[in-house]
Amino acid sequence: MGILNKVFDLNKRELKRLDKLAAKIDAIASETERLTDEQLREKTEEFKARYQKGETLDDLLVEAFAVVREGARRVLGLYPYHVQLMGGISLHEGNISEMKTGEGKTLTATMPVYLNALSGKGVHVITVNEYLASRDATEMGQLYEFLGLTVGLNLNSMDKDEKQAAYACDITYGTNNEFGFDYLRDNMVLYKEQKVQRPLYFAVIDEVDSILIDEARTPLIISGSAQKSTVLYMQANAFVRTLAKDVDYTYDEKTKAVMLTEEGISKSEKAFGIENLFDISHVTLNHHINQALKAIVTMHLDVDYVVQDGEIVIVDQFTGRLMKGRRYSEGLHQAIEAKEGVEIQNESMTMATITFQNYFRMYEKLSGMTGTAKTEEEEFRNIYNMNVIVIPTNRPIARDDRADLIYASMEGKFRAVVEDIAERHQKGQPVLVGTVAIETSELISRLLLKKGVRHNVLNAKNHAREAEIIAEAGYAGAVTIATNMAGRGTDIKLGEGVKELGGLAVIGTERHESRRIDNQLRGRSGRQGDPGITQFYLSMEDELMRRFGSDNMKAMMQKLGMDDTQPIQSKMVSRAVESAQKRVEGNNFDARKQLLQYDDVLRQQREIIYTQRDEVLESENLREIVQNMILRSIQRHVEVNAPGHMDEEEWNLKGIIDFAHANLLGEGDVTVEDLRGKDQEEIVEFIFAKCKEHYDEKEQLLSPEQMREFEKVVTLRAVDSKWIDHIDAMDQLRQGIHLRAYGQTDPLREYQHEGLAMFEAMVESIEDEAAMYILKAEIRNNLERQEVAQGHAVNPKEDGEAVKKKPKLNKENVGRNDPCPCGSGKKYKNCHGAGK
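As the structure is a prediction and not an experimental result, all values here were calculated from the model.

The rules we used
- Residues numbered from 1 in each chain as written.
- Predicted model: local features only at pLDDT ≥ 70, side-chain atom pairs only at ≥ 80, totals over all residues.
- Heavy atoms only, no water.
- Helix = DSSP H or I, 4+ residues; strand = E, 2+ residues; numbered from the N terminus.
- Buried < 20%, exposed > 50% of the residue type's maximum accessible area, 1.4 Å probe, protein only.
- Contact = heavy atoms within 4.5 Å.
- Areas by Shrake-Rupley, 256 points an atom, 1.4 Å probe, with all protein chains shown as cover.
- Phe/Tyr/Trp six-rings, centres within 6.5 Å; stacked < 30°, edge-to-face > 60°.
- Lys NZ or Arg CZ within 6 Å of the ring centre and 35° of its normal.
- Salt bridge = Lys/Arg side-chain N within 4 Å of Asp/Glu carboxyl O.
- Pairing = 2+ DSSP bridges.
- Axes fitted to C-alpha atoms, helices over the stretch in contact; angles between N-to-C directions.
- pLDDT = per-residue confidence, 0-100.
- Polar contact = N/O pair within 3.5 Å; in protein donor to acceptor, adjacent residues only side chain to side chain.
- Core = buried A, V, L, I, M, F, W, Y, C linked by side-chain atoms within 4.5 Å.
- Expected span 1.5 Å × (residues − 1).

Digging into the overall build of the protein chain
Inference 1: The helix and strand tally for the protein chain stands at 29 helices and 23 strands.
Inference 2: Counting all 836 residues of the protein chain, 54% fall into the buried class.
Inference 3: Relative to all contacts within the protein chain whose residues are 6 or more apart in sequence, the contacts with residues 24 or more apart total 74%.
Inference 4: Within the structure as shown, the protein chain displays about 36900 Å² of accessible surface, and the carbon and sulfur contribution to it stands at 49%.

See the structure below:
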């Protein structure tokens, strides 16, 4: 209890401090009110000037908040409450403001956004979908523009110039996916002018739990396609359909693990005409059979995915939205395509990737708001260094949250739900029904149609009308069935006479595996002190109950002779449900933490490569960088062939000569005699001096601009092609590394260790390739930086936009005995073609 008290005290202390600051803003409200529109607008320039002269944003906070508050009254007709001021200060300080639904989060954010925009470094306001981003940019944009700030909207459909303009504004609205992908794309550009983002300064994330927690298990990926045969997917699918459950394979519902039995393995070997399925040469086949099993047994149509326009579209399990452009990895998506008989698309290779955790941790300051964050406070503090501050409501909550009703079977539960809806509908009370899956919403819809109850269904299949349906959900007689997103970010306002009927009734048809999502559904009712009622209906056959030991509960209900018409309303069962939810939340936290630990390995590497890439793009002259690459390449190969610990007689001087001729110099430029009697360092210096001469000769043949551009083309191509291969290799390593646990080793440590070795090898191969092309490649007059591969964004909920990718060096085909195109008069094989 002591610890709990401390936590609550911390929140109390924070609220006391915020309350005092908010009181100072209140104190200058009347003098701000006296300013004319013009004077109010001039305040922005005054604040900017004071900031430039050394005042901090904290110094300006009280006056700036007062100005925005007054501006909101004049432009939007809204005047932020005292509690909204407190929420805004908490956001400015880089925390999460937990504010209940209907408490005006959007308006609260305007104050810290305005204050931080005065720095001129750009503020990002991040929402869960483009509809909300557009809505907020338009509505709140009026206020910012009135106060003399610029507002941009960053959409998936925009081209480079439009995005640059959006990012150049003081305030930029957009979705988490789009900001993340822009960061990845910026690190794939061929010219620095093609970048769209500025350095990341301050972000305010709306629905912060959805973005930083629910979506944090899925990294952002830009991928190119890898050609693979689709026939094997078809064969594996056809074969798996012949297998019988519990005979040929086992399925564990709790872990969703599905595995072949001995019987199933024998059948596989017979069907594919092989002796041993686990032979090293059948790894691919084994993988395809397992993915086909997974697709058929564990992935369900209209729950995990839908078929739309001949494509498999994933359904987001948290929000019930369709996630277009997103694909399952490791061939599972292709296995589902084979299962549903749609066209099988090629597997892809990863070209750039980042987790939301690592993207958002790059901001200098991060803050967020939501109605439900307290349950995940530990995660916010550990991973993002943000505290959750629970802001009190403007008016006391008058909603009636009733204890769960538990039925023995699903059938009984749905009967009761429909009865309850019909009864409330009869007296005109609006009802919002929350479901976990699309299937359930369609089932309830069918039952209501039989009863003759008119209603709207809001699920991933029709979220185009989402805002409109939600806006009307509070009117008398309205019945709305919604998957768990329940119009996140849109407010349900009560229609005329509804308060007298008891406000909005929210009915949950089962508990979600996360308490937060249940709380969000509850929070749709009872906004701003309105009346309301919430009731969850559960059954012993619900997935959450099945997964977490409800067998004895079910037996108890049968013993008591309870039939389907009698629910039990028991605190014990509600506690059991809550502890099941806590366990699932704990598992999910571990999964995200693990993803982050693995991505941290890649993050360090990504930062090194992206920093070097920026250096290449920014530098006017790369000669020194390239010469260092050449020098390190020589040192490595000399060390291999003439190691210091070996007698000089045993050195492989011919190996050094072969390397030099193949990669750096013309034939005959260095001989074994040249190297005899020299120590290791002298050999390196001798070859390096020859390379520099060779470099100088190249410089003579070209204009300085051409030579500088040539260096960039070669270096970018080497960096990009090797980095893409490396990311893909790391991805493959990551997928197989967990098997190391069987050998009593820690997979994460192995991944860190091997990842570092692979990274070092990649850096060496970049240097070798750059050195070789700079000294050996043919330079043409029409040099152009080109993309190494075509990529596209994977994982946005909106369609992934094709992504520009990287440089490729073009070389003319010259015969070995033709005159060298460099004009030296020598044959190509003796000049620039040496060693090819």
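Next comes the rest of the account.
A closer look at the packing of aromatic side chains
Aromatic ring pairs are reported here in terms of the distance separating the ring centres and the angle at which the planes meet.
Inference 1: Here the structure, examined in full by the defined rule, presents 13 aromatic pairs.
Inference 2: For the pair Tyr 359 and Tyr 363, a centre-to-centre distance of 5.6 Å together with 90 degrees between the ring planes defines the contact as edge-to-face. For the pair formed by Tyr 359 and Tyr 363, the shared burial category is buried.
Inference 3: When the ring centre of Phe 536 is taken as origin, the NZ or CZ atom of Arg 511, which lies over that ring, is 5.2 Å away.
Inference 4: Sitting above the plane of the Phe 686 ring, Lys 678 keeps its charged end 4.9 Å from the centroid.

Considerations on the pattern of salt bridges
Inference 1: What the rule picks out here adds up to 47 salt bridges.
Inference 2: Residues Glu 46 and Lys 43 are paired through a salt bridge, measuring 3.3 Å at the closest nitrogen-oxygen approach. Note that Glu 46 and Lys 43 are positioned in helix H3 (residues 37-52) at a spacing of 3 residues, about one turn of the helix.
Inference 3: Assessed through its relative accessible area of 32%, Glu 46 is described here as partly exposed.
Inference 4: Arg 592 is paired through a salt bridge with Glu 379; the nearest N and O atoms lie 2.7 Å apart. Pair noted here: Arg 592 is in helix H23 (residues 571-618) and Glu 379 is in helix H16 (residues 377-384), with a separation of 213 residues, a long-range link. By the burial criterion, Arg 592 is buried, and Glu 379 matches it.

Some points on the sheet that holds strand S1 (residues 96-98)
Inference 1: Read from one edge to the other, the open sheet built from 7 strands follows the order S3-S4-S2-S5-S13-S1-S14, with strand pairing classed as parallel. With partners counted over all chains shown, the strands left at the sheet margins are strand S3 (151-154) and strand S14 (388-390), one partner each. Neighbour-to-neighbour, the strand axes of this sheet turn through a mean angle of 20 degrees, independent of strand direction.
Inference 2: For S1 and S14, the ladder comprises 3 bridges, and the chain directions are parallel. Along S14, the bridge assignment pairs Glu 98 with Val 390.
Inference 3: Taken strand by strand, helix H8 (residues 160-168) contacts strand S2 (123-127), S3 and strand S4 (171-175), and its axis lies near 135 degrees from that of S3.
Inference 4: On top of the sheet, helix H9 (residues 176-186) reaches S2, S3 and S4; it is set at about 105 degrees to S4, its chief contact.

Quick look at the confidence of the model for the protein chain
Inference 1: On average, the protein chain scores 81 in pLDDT, and the residues at 70 or more come to 83%.
Inference 2: Here residues 796-813 is modelled with pLDDT under 50, and outside its nearest four sequence neighbours on either side it reaches 86 contacts, counting other chains as well.

A look at the side chain of Thr 509
Inference 1: Relative to the helices and strands, Thr 509 is located in the loop between strand S20 (504-508) and helix H20 (515-522).
Inference 2: A polar contact of 2.9 Å, which involves the side chain of Thr 509, links it to the backbone oxygen of Gly 434.
Inference 3: Those residues in contact with Thr 509 that sit more than four places away from it in its chain are Lys 413, Phe 414, Val 417, Val 433, Gly 434, Thr 435, Thr 440, Ile 444, Tyr 537 and Asp 542.

Notes on the nonpolar core
Side chains of a nonpolar character, in soluble globular proteins, are inclined to be buried together.
Inference 1: With 91 residues, the main nonpolar core has Leu 212, Phe 360, Ile 630 and Leu 664 as its most contacted residues.
Inference 2: Ranked by residues supplied to this core, first place goes to helix H28 (residues 704-736) with 11 residues.
Inference 3: Once you skip the residues sitting within four places of it in the chain, Leu 212 turns out to touch Ile 205, Phe 360, Leu 366, Phe 380, Tyr 384 and Met 386.
Inference 4: Grouped together as the second largest cluster of nonpolar side chains are 50 residues, Leu 40, Val 62, Met 99 and Leu 107 included.

Considering the sheet that holds strand S10 (residues 311-315)
Inference 1: Taking strand neighbours across the sheet as the criterion, the 3 strands line up as S9-S10-S11 in an open arrangement whose pairing is antiparallel. The open sheet terminates on both sides in strands that have one partner only, identified here as strand S9 (305-308) and strand S11 (322-323).
Inference 2: The sheet contact formed by S10 and S11 spans 2 bridges and is antiparallel. Counted as the bridge partner of Val 315 is Leu 322 from S11.
Inference 3: Sheet strands touched by helix H14 (residues 332-340): S9 and S10. Its angle to S10, the strand with the most contacts, is close to 120 degrees.

A closer look at the environment of Ile 737
Inference 1: Note on placement: Ile 737 falls in the loop between H28 and helix H29 (747-776).
Inference 2: Under the relative-accessibility criterion, Ile 737 is labelled buried at 1%.
Inference 3: Considering only alpha carbons, one finds Ile 737 and Leu 748, 11 residues apart in sequence, at a separation of 7.9 Å.
Inference 4: Leaving out residues up to four positions away in the same chain, Ile 737 has contacts with Tyr 598, Pro 747, Glu 750 and Tyr 751.

Some words on the environment of Leu 143
Inference 1: Tracing the backbone through its elements, the reader meets Leu 143 in helix H7 (residues 130-146).
Inference 2: The class of Leu 143 is buried, set by a relative accessible area of 0%.
Inference 3: Between the C-alpha atoms of Leu 143 and Leu 76, which are 67 residues apart in sequence, the distance is 7.1 Å.
Inference 4: Setting aside anything within four residues of it in sequence, one finds Leu 143 in contact with Val 68, Gly 71, Ala 72, Val 75, Leu 76 and Thr 110.

Quick notes on H3
Inference 1: For H3, spanning 16 residues, the distance from its first C-alpha to its last is 24 Å, which sits close to the expected 22 Å at 1.5 Å a residue.
Inference 2: Among all positions of H3, only Leu 40, Thr 44, Phe 47, Arg 50 and Tyr 51 are buried.
Inference 3: Structurally, H3 contributes buried residues whose contacts are with helix H2 (29-33), helix H4 (57-75), helix H6 (105-117) and H7.
Inference 4: Positive backbone phi, approximately 120 degrees, marks Gly 54, located one or two places after H3.

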